[in-house]
Amino acid sequence: MADTSIIKLKYMDTEPGPVPANTKTLLQGWEYEATEPLLDGPVSRRVAVIDLDPATGAVMPGAKFIAPKNQAPGRYHIANELDPDATDFKQVSVFTAVVRMMSIFEAPDVLGRKLRWAFDGEQLLVVPRAGKMPNAFYHRDSRSLQFFFIDDPKAPGKLIHTCLSPDIVAHEATHAILDGIAPDLYDATSPQSLAMHEAIADLGAVMLAVRTQRLLARVMNATGGDIGKSEEFNSIARQFGEAVYGEDGRPLRDLSNDASMDNPGNLDLNEPHDLSTVLTGALYALLVREYKTIQEEDFQKALRKESAELGRSLTLIEQQKLRFSISGLALFKATEKFKRIAFRALDYLPPGEISFADFGRAMVAADTYSNPEDPEPRAFIKAEFALRGMVEHVTSLDPIAPEFDLPADLDLAQLVNSDWAAYQFAEKWRAKLLIPPNVPFAVRPRLDVSRKTWRKGGEKVMTRAVLFKVAWQVPQIFRYGDNVEEVAVARGTMLAIDWETRQVSTMLSTSPDHPSQKDSSTLRNDAMRERFLTANLAEGLLEPGSPNVQVQNGVLRVRAMGQMLHMMGH
């Protein structure tokens, strides 16, 4: 293959259902620029589909790769694009959805870098038919995404495959992506940390949905450009939700909601999936707000232009048609802006366990650095977080001046590339980084990140910063039974250092000594951790002495909490 080859990949555009008349394919096409060889499977250097026969456990033959020839792009052979029950259909669809999710995060205006997994090795394994149960999960230890299937209660003899739900595939792929970005969350014992994992995964599903042109066209045509009239984007995995809950029209989760931590109603705030809807509700509201704002701005511009060209005012019907004509592009621009705000913030998260408030601070800080003259989205975020009880007050998310002056001749390249230099830096600035005395710490891989952004008015800007993170563990008082007196909690500090000025633009930390952690949201997060652990220990979901649950000198240490919950079907 050439250095870069165009490959036409395809994935399921929506969950399986009745096939409309004259439909030629159930798959959405996507042109992928491959910089690596692709093999039958599908298999690439970073993603490999391993399809197991559920009856025998044997590895099934993979979909055949057809290399680019002349002007024709490469592709994977699918015998029948109207048959989602076929193995090649599932293999190609699940592979494409995973790779497309990776491309969304790696975009120059989001993370601006190649993703790395949280496990050793380059390749994420994808198992489209892992077995029969109502589940799908990311599993770090086996380096895999595992998708299961269940009987279809509406069609005897038929199965519902989670690998055919673009929402579920995008959700689980985002779990793997987020684990590579913020690996400490994998071992978190705070329900807010675990719920944030679920929330970002659900937002990943939304980002895939709004980039699926066939689905987008159907929604726009059906609603006249008003996404508030459709549940296609905010309802996660409707078909699977209906089957699991036995209730027509009920998705796994609904992101368009007014969920609040102060008034949870039917929500179980001790259950991460339930709790996640508080955060996703706030962020989905931001997406809708950005869409309506951009749609109105674009409509007014187009209206002035059309009126000037016609020499008269447009009729109401003409205005409605004009508004609809600009809606698709307005939604695209809104989702592009939204993903920059929500996903770039992930690199700004301090290591260790975090609260919703910590993520809110990361969003505000990252967006302030990239778009200092566009405060409206940040004001909306702060108001939503306060309204939904995630923070005490709108000012709780305001950036705190780092008060951290670095020497002008600091060698940032050496800091990024040398572990020795990074540890020397952390030791020298231990007090400023809020690392407790006499406590071992770990410096995370440094990131030299150049990102593209569009500022208000359409100006394209490139920013470059070094992201430096250091982590440590401290105990939190937690009494359970006769042997447990404390629980180990990971903490950390993140510095964003501007490459040109050598100045710290942002410092975020989960250290109790950082001013941001004096907010009541921190006390609430610690109390929720205690209730969460107590409940899971009492119910036997956490078993002391098992490989992932250890008690040493009265300190409870838990590993892979999110993975354990998913494997148990939570």
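The structure we're discussing is the one just above.
Residues numbered from 1 in each chain as written. Predicted model: local features only at pLDDT ≥ 70, side-chain atom pairs only at ≥ 80, totals over all residues. Heavy atoms only, no water.

Q: Mind showing me how you'd approach the nonpolar core here?
A: Note on soluble globular proteins: their nonpolar side chains tend to be buried together. Ranked by internal contacts, the top residues of the largest apolar core, which has 126 residues, are Met196 and Phe359. In this structure, Phe359 is in contact with Met196, Ile200, Leu279, Leu283, Ala342, Ala345, Leu346, Leu349 and Ile354, ignoring residues within four places of it in sequence. Counting residues in hydrophobic clusters, the runner-up holds 26 residues, among them Phe425, Val443, Val474 and Val504. (Core = buried A, V, L, I, M, F, W, Y, C linked by side-chain atoms within 4.5 Å. Buried < 20%, exposed > 50% of the residue type's maximum accessible area, 1.4 Å probe, protein only. Contact = heavy atoms within 4.5 Å.)

Q: How do you make sense of the sheet that holds strand 7 (residues 136-139) when you look at a structure like this?
A: The strands making up a sheet are joined through hydrogen bonds of the backbone, oriented either antiparallel or parallel. Pairing within the open sheet is mixed, and its four strands lie in the order 3-6-8-7. Lying at the two open borders of the sheet, with one neighbouring strand each, are strand 3 (47-49) and strand 7. Adjacent strand axes in the sheet meet at a mean angle of 15 degrees, parallel and antiparallel pairs treated alike. Pairing of strand 7 with strand 8 (residues 144-147), which is carried by four bridges, proceeds in the antiparallel orientation. By the bridge assignment for strand 8, Tyr138 is matched with Leu145. Strands strand 3, strand 6 (124-127) and strand 8 of the sheet are contacted by helix 1 (residues 87-106), whose axis makes an angle of about 165 degrees with strand 3. (Pairing = 2+ DSSP bridges. Helix = DSSP H or I, 4+ residues; strand = E, 2+ residues; numbered from the N terminus. Axes fitted to C-alpha atoms, helices over the stretch in contact; angles between N-to-C directions.)

Q: Is there a simple way to think about the packing of aromatic side chains in this case?
A: Any pair of aromatic rings gets described here by the distance separating the centres and the angle formed by the planes. For the structure on display, the rule yields 11 aromatic pairs. Taking the centre distance of 4.9 Å and the plane angle of 65 degrees together, the rings of Phe425 and Phe468 count as edge-to-face. In this pair, Phe425 is assigned in helix 11 (residues 419-428) and Phe468 in strand 15 (residues 460-480), connecting sequence segments 43 residues apart. A single burial state applies to Phe425 and to Phe468, both of which are buried. Pairing Phe478 with Tyr480 gives two aromatic rings, centres 6.4 Å apart and planes at 5 degrees, and the pair type is stacked. If you follow Arg502 out to its NZ or CZ, it ends over the ring of Trp499, 5.4 Å from the centre. (Phe/Tyr/Trp six-rings, centres within 6.5 Å; stacked < 30°, edge-to-face > 60°. Lys NZ or Arg CZ within 6 Å of the ring centre and 35° of its normal.)

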